[in-house]
Amino acid sequence: MEFKFGDTAILLPPLHITIIGIIIFFFLVRWSKQLETRRFTVFFYFLISTSITPIFSRYTTEGIFQLWIPLGFIVIFLYLFRSKRNHPSKMKASILGLSIAIYQLILQYVG
């Protein structure tokens, strides 16, 4: 979406991406209210869980092949699994981050 104001323009993401972002923000705020202290950590768990990283690269005649994994989610999951301060809201936020990471993986492979 593009809004033009004379010589300048504001570019917004497509409508479905904006709606998904609003829904994600709503869930994160709702889950952060369930925590008694350090409510902002739910947002950090979500943001870290969305990161993906290539673990294998191979140069071929067609180009570069890279194998990507959601490393952020794996790190957060192992941390929450071993931690005594595990809260369901933190796990929900990290699973929501995993869904965004899977979306990024699909975009990496499909293009």
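Our subject is the structure listed above.
Residues numbered from 1 in each chain as written. Predicted model: local features only at pLDDT ≥ 70, side-chain atom pairs only at ≥ 80, totals over all residues. Heavy atoms only, no water.

Let's shift gears to the side chain of threonine 50. Looking at where threonine 50 falls in the secondary structure, it is placed in the loop between α2 (41–49) and β3 (53–59). In this structure threonine 50 comes out as buried when scored by relative accessible area, which is 13%. At 2.7 Å, the side chain of threonine 50 and the backbone oxygen of leucine 47 are in polar contact. With near-sequence residues (within four places) excluded, threonine 50 lies in contact with Gly97, Ile100, Ala101 and Gln104. (Helix = DSSP H or I, 4+ residues; strand = E, 2+ residues; numbered from the N terminus. Buried < 20%, exposed > 50% of the residue type's maximum accessible area, 1.4 Å probe, protein only. Polar contact = N/O pair within 3.5 Å; in protein donor to acceptor, adjacent residues only side chain to side chain. Contact = heavy atoms within 4.5 Å.)

For the rest of this paragraph, the subject is unusual backbone geometry. Despite not being glycine, arginine 38 shows a phi value in the positive range, around 50°. Here arginine 38 lies in the loop between α1 (15–32) and α2. A relative accessible area of 49% means that arginine 38 is categorised as partly exposed.

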